[in-house]
Amino acid sequence: MSDEGSVPPLVALRGVTKRFGAVVANRAVDLAVRPGEVLALVGENGAGKSTIVNMLSGLLRPDEGSILVDGRPVSLDSPAQSVRAGIGVVHQHFTLVPTLTGLDNIALAMPELGLGRLNRRQIGQAIDTAARTLGLSVDTTSRVEGLDVAQQQRIEIVKALIHKVRLLILDEPTAVLGPEDKAHLFDTIRRLKAEGTAVILITHKLEDIFAVADRAVVLRNGEVVADAPAAGLTPDDVVLHMVGSGDRDQARAIVTGETTLRSSSASGTDAVCRLADVTLRRSNGSIAVSGLSLDLHGGEIVAIAGVDGNGQSELMRVLAGMDVPLGGRIECLGRDSAGSAWTAAHLRRAGVAHVPEDRRRSGIVGEMSLARNYLLRHSDRRALVRHGMVRNSALQRLVRERLALFDVRTRGADERIDQLSGGNQQKFVLAREMDGDPRLILAAHPSRGLDIKTIRFVHGLLEEARQAGKAVLLVSSDLDEILRLADRIMVFAAGRTFGPTSRGDIARDEIGAWIAGHASGPA
Amino acid sequence: MTDRSDIARQAVIAAACIVALVVGAILLAGANPLSVAIGIGERALFTRSGFLEAVLRSIPLTILGLGIALAFRARVFNIGMDGQLIAGSVVAMALAPLVPLDAFGLLLLLSGGIVGGAAWGGIAGVIKGRFGGNEIIATIMLNYVALQILSWLVRGPMQETMRIIPRSDPLDAALRLPILFEATRIHAGLLIALAAVVAVAILARRSRYGFKLAVVGANAHAARYAGIDPRWIAGSVLTLSGALAGLAGAVEITGIYGRLQEGFAPGFGITAIAVALVARLNPLLVPVSALGFSLLYAGLGTLARNGVVPFPIINILEGAIIFVFLAGSVYVAHRAKRGQAETADG
Amino acid sequence: AETKKIALVLPGPVTDGTFNSAANKGIEAAKAKYDIEVVVRENTDFAQIQDVLRSYAEEGYDMIIGHGFQFAEPVMEIHAEFPDTWFVVNTAQVAAAPNVASFDNRWGDAGYMAGAVAGLYTKSGTIGHIGAIPVPVIEDYNKGFEAGAKSMRPEVKVLSAYVGSFSDIARGAEITTSLIEQGADVVTSTGNENVVGTIQAAQKAGVQAIGTAFDSQAMAPETIITTALINMDVNIDLAVGRLIDGSLKPESYVLGLNENGIGLAPFRDFESKISAEDMARIQAMMKEFADGTLPPK
Amino acid sequence: MDEALFLSGLLAAGIRLATPIALAAIGETISQRAGVINVGIEGIMLVGAFVAVLVTVSSGSPWAGLAAAILSGAAMGAIHAVFTVRLKAEQIVSGIALLFLGIGLSGYGFRLTLAQGGTAVQVPGFRELDLFGLAGVPIVGPILFGQHALIYLAVIGAALLAFMLSSTRLGLMIKAAGDYPQALDAAGGAVDRVRFLCVMASGAFAAAGGAFLSTAQLWGFVENMTAGRGFLAISCVVFARWNPLGAIVAALGFGIADALQIRMQAGYPGVPYQFFVIAPYVVAIVSLALASRGSRMPAALGTAFSPQR
Ligand SMILES: Nc1ncnc2c1ncn2[C@@H]1O[C@H](COP(=O)(O)OP(=O)(O)OP(=O)(O)O)[C@@H](O)[C@H]1O
Ligand SMILES: Nc1ncnc2c1ncn2[C@@H]1O[C@H](COP(=O)(O)OP(=O)(O)OP(=O)(O)O)[C@@H](O)[C@H]1O
Ligand SMILES: [Mg+2]
Ligand SMILES: [Mg+2]
């Protein structure tokens, strides 16, 4: 790419191919990023983005081709070597030790501290300064396992930026970040760029590309299908490259997200779920939400907006039957939070479906096949289990149908689920949870990590569910998603709850104000 | 791929070192390593009585190994098979005076064994399932308790009427498992063990319960979200594997010894763990692995009898052979993987 | 005559310093004395016994000696299948035609002698016996020990405790220590390795001990008064000798003082530690054992 | 009998009985914290016990014996580490193999050397210390100031390890290796190296426990003299919820309960002795049922770390 300026690439892939058994995750990939350049890496779920990241971070080795740093071929056989080469990575799947605090997790990534005694005060200060310049607030004192994904995401970002790195790789960092965090992150990226740091940003949000990227590289089925300056691209172009069709109108539809189904709430049907003056507790004991009263009706989508960590996770945990409210009372599908029947098992049987925020920890069993993971939620179904015996043929048939319907990219129902790409894992979870005619759907960040095309598909599903008279509780940090789907909107912020109010009665900036914690408008 | 061939090579080196150690020890004892090696193999593998002895030993090891396989699938570590086996044999023996002297009576004894073992495992199950106590401690402690209670029983309430030797009175012949083959000690327990293999295989690989075991073992947290209660699973599987241990105890009593006394199943519980793990917790492989270990013991037994080497060398060999086996399977596994990888790459 | 093949099957290791070592020493002696071929099988756990006996028999051994009562039952089960092999059981009383004999030492008498000695040597008036596990011979010894002590000193306090293991030497030592703390100043112990523990505990606490099995005074000359001998070597010598001269019968031979199956080892330095008349009482007791007035019927 | 004497005797015995278990448990804690189970410590203890006696006898110094034992233990640990950490073999199976290897090596070594002269070899073993000349003080004296050096070392060692785990970066790496090795790896840490070291350390501690048994609590070696203490040690690790200092407390609990039942026995000739012997175990079971706050086993315990690269 001699034509592009004199600066030699900081890091480059030359003809890199990576296979997993029969699957070719990357085929002859050429890719280069220069100092001070922000490269957006986009593509459908399963296109091969994270595989590239994993090779650059020393977690995977190319089968063919070479990786060059400063023009010299290097072998990044271990993360240690990648770190030494000045590469910092925020992985799509977090690499935090659940039982350690955020601070300790970051210290773990600071080899310069040696092996000896930790000066936690000092490290804490270093983290605070880093966090401040990032504009991110991080909880460094509680065990990571008790933190929601947004908090974990922030810790990962701080961890990656605690050192001065030459190349920063961010694999879908914006998936769970709220608008403010996202803005701060982009400021940081621009600052790093100015300091001459190279950045590779992986995202499914087209606007991100145009917000910060200099150049966009599009992957399809493991191959680079486009590599062009962001300025010269339109969202439609990007989508066209991603899906590999020539149909501009379809592409446009995907970008704008026009959908056929769009109808006023079928509200009025009696409540599926009643929350009365509910108080929720975080794992660390602190109060997340109090005085929450809310009715969920069949045929409507209620969305909870706001920065994560304000009680959304706790609400979902409780409604999923993993916890009981600290105060107040919940009645859901005939189950009562005061009674003994308030368990995950009972609520599932009563018809609660749950798309958890922490997919890998709570939603799937990594080392099991897709089929077995499907059974995880449907093992009470006559069709699948008869007299306590699993009917594998029926299971296989059903799963194959659902995989096809949801276009999950996989080698088949017997593939280990942790071998699927992140987005495809998410698609699988949706396919599973939407099945079996649930009456209440708890959807936490349902489109997290999904490519834009699939997001449209999922939105369609949620709207269909609403049409079918199901109650949907949506938690999302993506305001567009909320405004597109919700019939009623609520905001959790600063320990308070705003709303619910129906979407018609409130403007975007009002919601923004709520999220910021200002009680203007109907509270 | 360097890693893989690396590991394969290291496996070879490790095995070589272990072998060298053993050969050294044997030479030091003034014996001939080769004749020792032959000594181990010959009777177990090439004589009828030696082989039959191994088969006999593999009966309890199979049943116990199945119990371990079930529990370990849920990452529930039942170290208490020895105690549960004793509990089973005690209950079976205690029933003897009460049951009719016929096949039905024998059936009752075996069921009694199952109940006894299940109860003993169930104690650990309650501690784990109800109180969240750790099963490793519970089961180890219950082993010691069972051993001592047995020691008391055969000197007290259950001692033979002559009250000389610490053991119970013998079972009536009608309550003994029939011998399968003339002039051998192979008894119907073999069939029971094989039946257990089938049953456990189905339970583990085909049933919803078996599936839940695996889920809890792999990701207790996701299990909880799916409405599976890991504690209930742990409690029930401890009871279940205890039941198998109890069955093994009853089978040993009714099949071989015909009465109760101390030390009739020394260290079987630990061996069973090795058996199950070597079988990779696959119920269908458990009997194979159990027979393998039994042959090993039969072979070492021969060596111990010949007295060509001082006894401790038998222990050294026991450990060394397991190590070499481990190294061997590592070697094979990584060769295989490499093969795949290459064909995939090529 | 052609060389006889003899197998000695032990429940423990030949290094236990008591029960199994004694048998091993016995067979060694016999090997030196007679024209025999010998093999020793150690650490035979109960589950293995039948297979071990059977295999030796199949291999045409002329005599198989099982060292311990637990061999009695397996022997009775299989002996008929191998009429050309003699099965000998030690420390049990079983016999069956044509080929099962047993040799048992009078552990009770040995205990009685040890008790008598302890009763005379104790200053505190408290003595103790630490058994490994109450197997028959150990219980006999225990009863004898108490009776013997009381025969010399009716008001003597006899403590007794069990280790719960034959090999747990540390526990054996701790139990002994606890008896010493409770006032015992002469202790004795039966079992295997645990006996060593008792001797060491006594040694550290500076009290006296009475050995068992074979004369082990060298272990702790200043601690061990004497040893209640259980002459396993005699059992084995008898068995082998009678096998060779063909005089072995399917009987249970019980070896007391006169048969030299038990006895007291020389007192050496401790001779002088008690009064002449006390020493005379010991002599008298030994004589009564010799002429059969002891043990009390 | 005099209560004071009884009490001090009880505690002293309890501590003696606890020490070998405690040392082994401390080591096992470290290796389990790093994600490796070592069920072979019983075998390592035996090797340590034998080597300690052998070197003590030949060198005349129990300290030399202790040092040699620790080295031999680390070597035994290295064997386990090679198989579990480098070769990724099944940890429990490897541990069982190590157990037998240890039983055999110690027994064989014993027969080649010390056993030749019968059991009569005199061992110039450790003697109780008399710190600041206070060991004479009634009751507390012998307990606090009159113990074997190894006992003080065990406590200090446990304290240091506890500090290491909680407050050093090495500690973080060990905990990460046991809880979520992927994270340590991604952070550029060498999972296998950390685990290897921890397993060797566990061997060293176990061997020290054996050395205490054979050169302090007793003066001499006999085959299988550990008599199941290795497994008690593993229970202590779990009981203490993988905390080194807790492991000492748990071991002490066992030791004192054992010392107590030992003392009760002679007092109640009527009661079958078995009921005294089981007392400590029953106590353990009951306290487990009453006082367990759901133990948190290291998440990756027992599983090898093999990144696909
Ligand atoms: N460990 C693995 N074993 C087998 N196949 C794998 C593995 N990791 C990834 N793959 C496959 O490689 C392909 C690319 O995966 P990758 O994670 O790079 O996709 P991606 O572009 O990151 O997708 P997403 O946007 O969903 O994260 C997918 O088909 C996936 O199934
Ligand atoms: N209110 C909460 N919000 C977010 N996370 C929580 C909350 N309460 C608990 N957690 C965390 O979620 C995880 C699940 O907790 P739960 O009570 O379901 O069982 P657990 O025993 O902690 O699960 P595991 O043993 O797998 O950690 C725990 O790690 C806990 O720290
Ligand atoms: Mg990805
Ligand atoms: Mg938890």
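The structure displayed is predicted, hence computed values, not measured ones.

All names here are of chain A. Overall, the coordinates contain 58 salt bridges over all chains when judged by the stated rule. A salt bridge links arginine 27 to glutamate 223; the shortest N-O distance between them is 3.6 Å. Of this pair, arginine 27 sits in strand β2 (residues 23-33) while glutamate 223 sits in strand β10 (residues 223-229); the two residues are 196 residues apart in sequence, bridging distant segments of the chain. Exposure remark for arginine 27: the relative accessible area of 38% places this residue in the partly exposed category.

All chains considered together, the criterion is met by 22 aromatic pairs over all chains. Considering the side-chain rings of tyrosine 374 of chain A and phenylalanine 428 of chain A, the 6.1 Å spacing of their centres and the 75° angle between planes classify their relative orientation as edge-to-face. Of this pair, tyrosine 374 of chain A sits in helix α13 (residues 370-378) while phenylalanine 428 of chain A sits in helix α15 (residues 422-434); the two residues are 54 residues apart in sequence, bridging distant segments of the chain. You can call tyrosine 374 of chain A buried: its relative accessible area is 1%. A relative accessible area of 1% places phenylalanine 428 of chain A in the buried class. Here the basic side chain of lysine 204 of chain C rests over the ring of tryptophan 219 of chain D, its NZ or CZ set 4.5 Å away from the ring centre. For lysine 273 of chain C, the ring lying beneath its charged end belongs to phenylalanine 270 of chain C, and the centroid distance is 4.2 Å.

Taken together, 21 residues sit near ligand 1, with Gly46, Lys49, Thr51 and Gly423 of chain A together with Gln308 of chain D positioned nearest. In this structure, serine 421 of chain A approaches ligand 1 through a side-chain N or O atom, which is 2.9 Å from an oxygen atom. Elements supplying a minimum of two residues to the shell around ligand 1: β2, α1 (49-56) and α15 of chain A. With three residues, the top contributor of residues to the shell around ligand 1 is α1 of chain A. The residue inventory of the shell around ligand 1, partitioned by class, reads five nonpolar, twelve polar and four charged.

Looking at ligand 2, the residues that line it are Glu145, Gly146, Arg281, Arg282, Ser283, Glu314, Arg317, Met322 and Arg361 of chain A, His221 and Arg224 of chain B together with Arg296 of chain D. Surrounding ligand 2 is a set of residues that belongs to chains A, B and D. Between ligand 2 and glutamate 145 of chain A there is a distance of 3.4 Å, counted from an oxygen atom to a side-chain nitrogen or oxygen. In this structure, arginine 281 of chain A approaches ligand 2 through a main-chain N or O atom, which is 3.2 Å from a nitrogen atom. Within the complex, 73% of the 580 Å² of free accessible area of ligand 2 lies under protein. If you list the elements that add at least two residues to the shell around ligand 2, you get α10 (312-319) of chain A together with α9 (220-225) of chain B.

This part takes up the coordination of the magnesium ion (ligand 3). When a metal carries six donors in an octahedron, the ideal angles between them are 90 or 180 degrees, while four donors in a tetrahedron ideally lie at 109.5 degrees. Residues and elements named next belong to chain A. At the metal site, the magnesium ion (ligand 3) is ligated by Ser50 (OG) and Gln92 (OE1), and these contacts range over 1.9 to 2.0 Å. Linking serine 50 in helix α1 with glutamine 92 in the loop between β6 (87-90) and α3 (102-108), this pair joins segments that are 42 residues apart in sequence. Here glutamine 92 falls in the buried class, since its relative accessible area comes to 14%.

Now for the side chain of glutamate 433 of chain A. Residues and elements named next belong to chain A. Among the secondary structure elements, glutamate 433 is positioned in helix α15. Polar contacts involving the side chain of glutamate 433 include one to the side chain of arginine 377, which spans 2.8 Å. A distance of 3.2 Å separates the side chain of glutamate 433 from the side chain of arginine 432, its partner in a polar contact. When sequence neighbours within four positions are dropped, the list of residues in contact with glutamate 433 reads Arg348, Ala353, His354, Val355, Arg377 and Pro438.

Tallied over the full model, the rule gives one disulfide over all chains. Between cysteine 273 of chain A and cysteine 332 of chain A runs a disulfide, and the two sulfur atoms are separated by 2.1 Å. Taking the sign of the torsion about the S-S bond as the criterion, the disulfide between cysteine 273 of chain A and cysteine 332 of chain A, at about -115°, is left-handed. Placement of the pair is cysteine 273 of chain A in strand β11 (residues 271-281) and cysteine 332 of chain A in strand β14 (residues 327-332), with a sequence separation of 59 residues. For the pair cysteine 273 of chain A and cysteine 332 of chain A, one class covers both residues: buried. The thiol of cysteine 198 of chain D is unpaired, and the distance to the nearest cysteine sulfur, on cysteine 236 of chain D, comes to 20 Å. Taking the relative accessible area as the measure of exposure, cysteine 198 of chain D reaches 5% and is therefore buried.

Rules used throughout
Residues numbered from 1 in each chain as written. Chains lettered and ligands numbered in written order. Predicted model: local features only at pLDDT ≥ 70, side-chain atom pairs only at ≥ 80, totals over all residues. Heavy atoms only, no water. Salt bridge = Lys/Arg side-chain N within 4 Å of Asp/Glu carboxyl O. Helix = DSSP H or I, 4+ residues; strand = E, 2+ residues; numbered from the N terminus. Buried < 20%, exposed > 50% of the residue type's maximum accessible area, 1.4 Å probe, protein only. Phe/Tyr/Trp six-rings, centres within 6.5 Å; stacked < 30°, edge-to-face > 60°. Lys NZ or Arg CZ within 6 Å of the ring centre and 35° of its normal. Near = heavy atom within 4 Å. Polar contact = N/O pair within 3.5 Å; in protein donor to acceptor, adjacent residues only side chain to side chain. Nonpolar A, V, L, I, M, F, W, Y, C, P; charged D, E, K, R; others polar. Areas by Shrake-Rupley, 256 points an atom, 1.4 Å probe, with all protein chains shown as cover. Donors = N, O, S within 2.8 Å, 3.2 Å for Na, K, Ca; no water. Contact = heavy atoms within 4.5 Å. Disulfide = S-S within 2.5 Å.

In short, the description is geometric, and any link to function would need to be established separately.
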